Amino acid sequence: MLHHVSWQQFLHWALILLAAWYVAVYFMFYHRRIRARLREGQDGFFRVKKDWEDELEDGPEAGSDLMGRPAAEEGVSSLSMQDFGFAPVLESSDAALRLGVVPDVLEELKTIFYTLERDGGGKPEFLSLLQLVALRYPALRGSHDLRAIAAYIREQVGFALTDEELDAVWEEAV
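All of the points below concern the structure found in this document. Counting of residues starts from 1 at the beginning of each chain's written sequence and follows it residue by residue. Local features in this predicted model are restricted to residues of pLDDT 70 or higher, and side-chain atom pairs are both shown and tallied only at a pLDDT of 80 or more, whereas totals for entire chains, interfaces and linings draw on every residue. For side-chain calculations, the full set of non-hydrogen atoms in the structure is used, while hydrogens and water are omitted.

**Let's talk about the nonpolar core**
Here, nonpolar core refers to any group of buried Ala, Val, Leu, Ile, Met, Phe, Trp, Tyr and Cys residues whose side-chain atoms link them within 4.5 Å. Working definition: with a 1.4 Å probe on protein chains only, accessible area under 20% of the residue-type maximum means buried, over 50% means exposed, and in between means partly exposed. Counting 22 residues, the largest nonpolar core has Val105, Leu109, Phe113, Phe126, Leu130, Leu140 and Ile153 as the members making the most contacts within it. Secondary structure follows DSSP: runs of H or I at least 4 residues long count as helices, runs of E at least 2 residues long count as strands, and numbering of each begins at the N terminus. The set of elements that each furnish at least two residues to this core consists of α4 (101-119), α5 (123-136), α6 (145-156) and α7 (163-172). Counting residues per element, this core draws most heavily on α4, at six residues.

What follows is the structure, encoded as structure tokens:
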């Protein structure tokens, strides 16, 4: 039976039934409220009145701007475009030099760990390769970043290393 109905006929009747549904819902639930609000407004438009507006209209300063400009939240300040940026301000040129050095050293260490795993090297080979890294990055000597690098090294190697051995490698790199 449905193979005799075309898509055009189906969509035509679907739109008619949909419109009838919305008209029925309107008359069943909303017609009184909407008509009352339309009577309150002007030219068919209505304005929803807030509960607190009655207090403002009754006050001695009715019609004036009681609110004023909104205050900025605590800790918020306005900046001009030249004062705005995402990069932190570096205090010294030494910090600027070390900014990309630590990730570079970690990449070099990953290469060393892979080489030692592949070739089966031990502690002496690791210390000699670490000596080459220390020679390439002398800016790290004496910095506070060495403690974090030493902790990373201890996590990755399969043998025990002391702080004195690692410090000696960085101190010999002159």
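**A short note on α4**
An expected span of 1.5 Å times one less than the residue number is assigned to each helix. Relative to the 27 Å expected for 19 residues at 1.5 Å per residue, α4 spans 27 Å between its end C-alpha atoms, a close match to the ideal helical length. Three or more residues of α4 are buried, namely Val101, Val105, Leu109, Ile112, Phe113 and Leu116. Seen along its axis, α4 keeps its buried residues to an arc of 115°; they face one direction. Pointing more than 90 degrees away from the buried face of α4 are the exposed residues Tyr114, Glu117 and Arg118. The directions from the helix axis to the C-beta atoms form the arc being described.

**Remarks on the packing of α4 against α5**
Orientation is described by lines fitted to C-alpha atoms, with helices fitted over the stretch in contact, and by angles between N-to-C directions that extend from 0 to 180 degrees. α5 packs onto α4 with a crossing angle of 160° between their chain directions and a minimal axis gap of 11 Å. Considering the angle they form, α4 stands roughly antiparallel to α5. Note on packing geometry: the crossing formed by α4 with α5 is right-handed. For the pair α4 and α5, contact is made by Val105, Glu108, Leu109, Ile112, Phe113 and Leu116 and by Glu125, Phe126, Leu129, Leu130, Val133 and Arg136, respectively. Throughout, the term roughly parallel applies to angles under 35 degrees, roughly antiparallel to angles over 145, roughly perpendicular to angles from 65 to 115, and oblique to all others. Rotating anticlockwise by less than a right angle from the far helix to the near helix defines a left-handed crossing, while the corresponding clockwise rotation defines a right-handed one. Whether two residues are in contact is decided by their heavy atoms: any pair within 4.5 Å suffices.

**A word on the packing of α5 against α7**
Two numbers describe how α5 lies on α7: the axes approach to 8 Å, and their chain directions differ by 40°. Here α5 lies oblique to α7, going by the angle between them. The two elements α5 and α7 cross, and the hand of that crossing is right-handed. Contacts from Lys123, Leu127, Leu130, Gln131 and Ala134 in α5 reach Glu165, Leu166, Val169, Trp170 and Glu172 in α7. Lys, Arg, Asp and Glu make up the charged group, whereas Ala, Val, Leu, Ile, Met, Phe, Trp, Tyr, Cys and Pro make up the nonpolar group; the residues left over, Gly among them, are polar. When the residues that make up the contact of α5 with α7 are grouped by side-chain class, the tally is six nonpolar, one polar and three charged.

**Concerning the packing of aromatic side chains**
Centres within 6.5 Å make a pair out of two Phe, Tyr or Trp rings, where for Trp the six-membered ring is used; the pair is then stacked when the planes are under 30 degrees apart, edge-to-face when over 60, and tilted otherwise. Under the defined criterion, the tally for this structure stands at six aromatic pairs. Their ring planes at 15° and their centres at 5.9 Å tell us that Phe113 and Phe126 sit as a pair that is stacked. Linking Phe113 in helix α4 with Phe126 in helix α5, this pair joins segments that are 13 residues apart in sequence. For the pair formed by Phe113 and Phe126, the shared burial category is buried.

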